[in-house]
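Understanding the architecture of this molecule
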Amino acid sequence: MDKTKALTDVVCRLSDLNDGRGYGFDPFKKGRDTVFVVRRGNEIHAYLDICPHYGRTPLPWKKDAYLTGDAQHIFCSAHGAIFDIETGACILGPCLGQSLTSVQVAISDEGEIRLVLRPDDNLISKPVVAN
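This part takes up the overall build of the chain. Tallying secondary structure elements over the chain gives one helix and nine strands in all. Ordering the α and β elements of the chain from the N terminus gives β-β-β-β-β-β-β-β-β-α. The buried share of the chain, taken over its 131 residues, is 40%. Summarising the internal contacts of the chain: among those between residues at least 6 apart in sequence, 48% fall at separations of at least 24.

Okay, structure coming up:
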């Protein structure tokens, strides 16, 4: 883990997350989910909630709607892009060849999940701008 970055407060516990689901979090109280996690077994994959295709567009069309219907991929509802859960790489859609921005996750022995981010990270601090 990168010791130069700060850990957020606990965003949830591993036991709070259902396997094969995505969940959005607002760890710095920005008024919107800025990070999301996907649980696959005992693995947690976390990304900034920003589609790489255009500006700062969030991915879901509603709270926690980060995955395709079969829960096999991450889905951007604004652009139709499909991303690999493990790598964040776009595998179909307008941002083919680009990737989601991954976020390091720290899970304590008690199952508490924290994110390795600072509130002043550039991608977190800027608001979503819709054109």
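What follows covers the confidence of the model for the chain. The share of residues in the chain with pLDDT of 70 or more is 85%, and the mean pLDDT across the chain is 86. Across residues 125-131, confidence stays below pLDDT 50; counting only partners more than four residues off in sequence or on other chains, it has eleven contacts.

A few words on the nonpolar core. Formed by 17 residues in total, the largest nonpolar core has its most connected members in Leu-17, Phe-25, Val-37, Val-103, Ile-113 and Leu-115. Elements supplying a minimum of two residues to this core: β2 (22-25), β3 (35-40), β4 (43-48) and β9 (112-116). A per-element tally of this core places β4 first, with three residues. With residues up to four places along the chain from it excluded, the contact list for Leu-17 reads Cys-12, Tyr-23, Phe-25, Val-37, Arg-39, Ile-44 and Ile-113.

The next thing to look at is the environment of Arg-13. Examined against the element boundaries, Arg-13 turns out to sit in strand β1 (residues 12-13). A residue is classified by how much of its surface remains accessible, and Arg-13, at 33% relative accessible area, is partly exposed. Put simply, Arg-13 and Glu-110 are 97 residues apart on the chain and 8.2 Å apart in space, counted from C-alpha to C-alpha. With residues near it in sequence (within four places) discarded, Arg-13 still touches Glu-110, Gly-111, Glu-112 and Ile-113. Polar side-chain contacts of Arg-13 include one of 2.5 Å to the backbone oxygen of Glu-110.

Criteria and cut-off values
Residues numbered from 1 in each chain as written. Predicted model: local features only at pLDDT ≥ 70, side-chain atom pairs only at ≥ 80, totals over all residues. Heavy atoms only, no water. Helix = DSSP H or I, 4+ residues; strand = E, 2+ residues; numbered from the N terminus. Buried < 20%, exposed > 50% of the residue type's maximum accessible area, 1.4 Å probe, protein only. Contact = heavy atoms within 4.5 Å. pLDDT = per-residue confidence, 0-100. Core = buried A, V, L, I, M, F, W, Y, C linked by side-chain atoms within 4.5 Å. Polar contact = N/O pair within 3.5 Å; in protein donor to acceptor, adjacent residues only side chain to side chain.

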